[in-house]
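# Report on the structure
Residues per chain are reported as follows:
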Amino acid sequence: MDTRGQPVQVGVIILFGFLIIAFSLFQAVIVPQQNAEVEFQHSQVVTNDMQLLRNDIVEAGATGDPRTASVKLGTTYPPRIFAVNPSPASGSLRSVSVGTGELSLDAPGADIESICGYDETDDDGAVPTKSLVYEPNYNVYQRGQTVHYENSVVFREEGGTEVLDSGQTIIKGKQITLPAFLSTYQRDGTDMAVVDITAGKTGIGSTNASDETNLTVPTQLSVTKWEELLANEGQVEAVTANGDGTVTITLEPAAYEISCPVVGAGTAPTNQPTRVAGQGGDINPSGADDVRLSDVERDPDTKDIIVLTFTNPGDDVNLSEVRFNFYQAGSNDGPSQMDIFEYDRANTTIGAREVDNLQLRGAPAEPSSNVTFTGSGATTSLAVAFNNSDDSLYSPSQSDMAVLNILLTDGQEANYFVNMPKQGTTVSNDPPTAAFTATSIALNTADFDASGSSDPEGSSLTYDWDWTSDGSYEGSGETPSHTYGSSGTYNVTLRVTDDEGATDTVTKAVEVGAAGGGGTGDPPSVTIDSATASNIGSNGKTGDIDVTFTASDPDNDISSYTVTLYNSSSKTTQLDAASGSFSGGQTTVSVSDSTTAKGSGSDPWYVVVEITDANNNTGSNETQTS
């Protein structure tokens, strides 16, 4: 028998065996490790999303204005050539009733049902409320955290431990805020869950000092965590668990001011409080003779000092007195006091201190000298320093918000809601605006173009791309291409940064397949010739938009068009859409905004035109209205 070839055959078999073992180890060990990291990064994104959702709920309740928040429910894994990924990780966001599902108040001189506007026949001294819960469905990461919003607090369940991610706004000094959230909400899957936050009426009331005040809240937090949240509120005498999913917060006898901002998702609550907030001053006034808050920036030298610029179209008027409130984003304590200075915006210099050590939610203070809001359309700037209890300067984050109640010498009273600007947004620098388009050019490959991004000062921009919106920016450049592991729809995020470090981001859903969207043949192309708004309503928020576009296709097989109208270039709210059969050439299509939902009424609308051919290839273009 000739055995000369046997060693080679045995060697090949052994090598093949090693390859099988190596692949098995990669699939069994390395792939799960990498996917666990992807899921961990997503859990961090969700925690931040829930904090922003909480801030939007608090702000909607404080201002009465609707807000829109989003939570990224799931994530996808990096594409693999030889290994196999599990299905994309998903999650759910839903409203739930906790404990009794009711807020109740036992306080001398106060009736919670009348204050919040829910006078029910059972007269049990309680109003309904719900919490929002995000639950992940990860494939690998075993410490995936359930994230809760309840009673103004965001927290996580992590390995049986409660981790606080925000502070509370229920008890602040002598102010009690009852944050009733009423709507039913549920979203499941891997996409963004959009929450349209609506506000009912905010009721107000007060207690007297004849006895203790007992506030009972439904909660999944332990007494220990509530004691931690309330540690700096000296008027809290005790926190007691009731055994029914509620805790009772007992406050020492005192006169407390009460507000009940009722908030929902989708449909606005229909509560009818006996007394409604807002009668003591308009919110962010914008009337013909009102002193308006026209800009909020950071001082370029001391970036934690906030510069407020007011425009006065009326007559000269002086500041009479001011007080302030503050809503911080994180779990740390916010500022306890505030100083106000004169500010020379032209030379970016801080002047004399006009208000010193104004206490949070304290008595109003008068300026030390005349602070004049010059009229006839002139602007007046003030510098505001928020200070901690040890007099150190508080560093406001982008998600923080302050409320300034200002009384003027002509009797005007107004509440100015101040959203803290991004880092890099200073008196001498405004943030850039991110924008991009995407085109599927080949199998699983798309071209991206961020040349539509801009910076008000014209500074050069850097571009970072997160190809799956998982929080990891893997790409760079103004016009990159990217190849995915498979066709499908991917959420892509662009971040642009200017020379001062100010940033802006935009996220879009990008469909990736064969050229033009996955069909055979060549894709169509479309040019938007004009997008003109007309018949604009008196409030500046409604109008008709005529969109003229020209489309062509190398295969001459265009079959249809779709024109979609959005509120802005971020495309967060779709206002209208029109579609129909189309064979190419030039045509004009009309869409309308009748929702009164378009931003502030001064931003342009945004239109997207998509053309589809007989092979399901697509081409699109987009622009803002003129």
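No experiment lies behind these values; they were computed from the predicted model shown. (Residues numbered from 1 in each chain as written. Predicted model: local features only at pLDDT ≥ 70, side-chain atom pairs only at ≥ 80, totals over all residues. Heavy atoms only, no water.)

Okay, the overall build of the chain next. A tally of regular secondary structure across the chain gives three helices and 41 strands. Evaluated residue by residue, the chain yields a buried proportion of 47% over its 626 residues. Here the contacts in the chain between residues at least 6 apart in sequence split such that 68% fall between residues at least 24 apart. Total accessible area computed for the chain in this model is approximately 27900 Å², and 46% of it derives from carbon and sulfur atoms. (Helix = DSSP H or I, 4+ residues; strand = E, 2+ residues; numbered from the N terminus. Buried < 20%, exposed > 50% of the residue type's maximum accessible area, 1.4 Å probe, protein only. Contact = heavy atoms within 4.5 Å. Areas by Shrake-Rupley, 256 points an atom, 1.4 Å probe, with all protein chains shown as cover.)

The next point concerns the side chain of aspartate 165. Within the secondary structure, aspartate 165 is located in the loop between strand E8 (161-164) and strand E9 (171-172). Note on aspartate 165: relative accessible area 7%, which makes it buried. A polar side-chain atom of aspartate 165 sits 2.7 Å from a polar atom in the side chain of arginine 156. (Polar contact = N/O pair within 3.5 Å; in protein donor to acceptor, adjacent residues only side chain to side chain.)

Here we take up the pattern of salt bridges. Evaluation of the coordinates by the stated rule reveals 12 salt bridges. Residue aspartate 56 is joined to arginine 67 by a salt bridge in which the shortest nitrogen-to-oxygen separation is 3.2 Å. Here arginine 67 lies in strand E1 (residues 67-72) and aspartate 56 lies in helix H1 (residues 6-63), a separation of 11 residues in the sequence. Residue aspartate 56 is classed as buried on the basis of its relative accessible area of 12%. Given a relative accessible area of 27%, arginine 67 falls into the partly exposed group. The closest approach of N and O atoms between arginine 353 and aspartate 356, which form a salt bridge, is 3.7 Å. Among the charged side chains, a salt-bridge network with shared partners connects Asp56, Glu59 and Arg67. (Salt bridge = Lys/Arg side-chain N within 4 Å of Asp/Glu carboxyl O.)

Within the open sheet, the five strands sit side by side as E4-E3-E14-E16-E15. Their pairing is antiparallel. Unpaired on one side and paired on the other, strand E4 (126-128) and strand E15 (236-241) mark the two borders of the sheet. This sheet shows a mean twist of 15° between the axes of neighbouring strands, independent of strand direction. Relative to strand E14 (residues 213-218), strand E3 (residues 102-106) runs antiparallel, the two being bridged by three bridges. Considered in E14, the bridge of aspartate 106 is made with asparagine 214. (Pairing = 2+ DSSP bridges. Axes fitted to C-alpha atoms, helices over the stretch in contact; angles between N-to-C directions.)

Further remarks concern the nonpolar core. Within the largest apolar cluster, 33 residues are counted, with the highest numbers of intra-cluster contacts made by Ile171, Ile176, Leu178, Leu215 and Trp226. Of all elements in the fold, only E3, helix H2 (112-116), strand E7 (153-158), E14, helix H3 (223-229), E15, strand E16 (246-251) and strand E17 (257-265) reach the threshold of two or more residues within this core. Counting residues in hydrophobic clusters, the runner-up holds 29 residues, among them Phe386, Ala402, Leu408 and Met420. (Core = buried A, V, L, I, M, F, W, Y, C linked by side-chain atoms within 4.5 Å.)

A few words on the state of the cysteines. Evaluation of the coordinates by the stated rule reveals one disulfide. Here cysteine 116 pairs with cysteine 260 through a disulfide, and the sulfurs are 2.1 Å apart. Residues cysteine 116 and cysteine 260 are joined through a disulfide that is right-handed, its torsion about the S-S bond being 110°. On the criterion of sequence distance, the pair formed by cysteine 116 in helix H2 and cysteine 260 in strand E17 is long-range, its members being 144 residues apart. Just as cysteine 116 is buried, cysteine 260 falls in that class too. (Disulfide = S-S within 2.5 Å.)

This part takes up the confidence of the model for the chain. Model confidence for the chain is summarised by a mean pLDDT of 84, while 86% of its residues fall at 70 or above. Considering only residues more than four positions removed or in separate chains, one finds that residues 515-519, a stretch of pLDDT under 50, has 21 contacts. Scored below 50 in pLDDT, residues 597-602 shows 12 contacts in the model against residues more than four places distant or in partner chains. (pLDDT = per-residue confidence, 0-100.)

With that settled, the discussion passes to the environment of glycine 411. Mapped onto the elements, glycine 411 comes out in the loop between strand E26 (401-408) and strand E27 (413-419). Counting along the chain gives 91 residues from glycine 411 to serine 320, while the straight-line C-alpha distance between them is 8.8 Å.

Counted under the stated rule, the structure contains 14 aromatic pairs. A ring pair is formed by phenylalanine 310 and tyrosine 416, whose centres lie 5.3 Å apart and whose planes are at 80°; its orientation type is edge-to-face. Of this pair, phenylalanine 310 sits in strand E20 (residues 306-312) while tyrosine 416 sits in strand E27, and the two are 106 residues apart along the sequence. As far as burial versus exposure is concerned, phenylalanine 310 and tyrosine 416 are alike and both buried. Above the ring of tyrosine 473, the side-chain terminus of arginine 495 is found at 3.9 Å from the ring centroid. (Phe/Tyr/Trp six-rings, centres within 6.5 Å; stacked < 30°, edge-to-face > 60°. Lys NZ or Arg CZ within 6 Å of the ring centre and 35° of its normal.)

Okay, the sheet that holds strand E36 (residues 543-552) next. The strand order E35-E36-E39 describes an open sheet built from three strands, whose pairing is antiparallel. The strands lining the two open edges of the sheet, one partner per strand, are strand E35 (525-534) and strand E39 (585-593). Taking the axes of each pair of neighbouring strands and ignoring which way they run, one obtains an average angle of 20° across the sheet. Summarising the sheet, E35 and E36 pair through nine bridges and their orientation is antiparallel. Note that in E36 the partner of threonine 532 across the bridge is aspartate 546.

This part is about the side chain of glutamine 235. Structurally, the position occupied by glutamine 235 is in the loop between H3 and E15. Given a relative accessible area of 6%, glutamine 235 falls into the buried group. A polar side-chain atom of glutamine 235 sits 2.5 Å from the main-chain carbonyl oxygen of glycine 173. Setting aside residues no more than four positions away along its own chain, glutamine 235 makes contact with Ile171, Lys172, Gly173, Thr250, Leu251, Glu252 and Tyr256.

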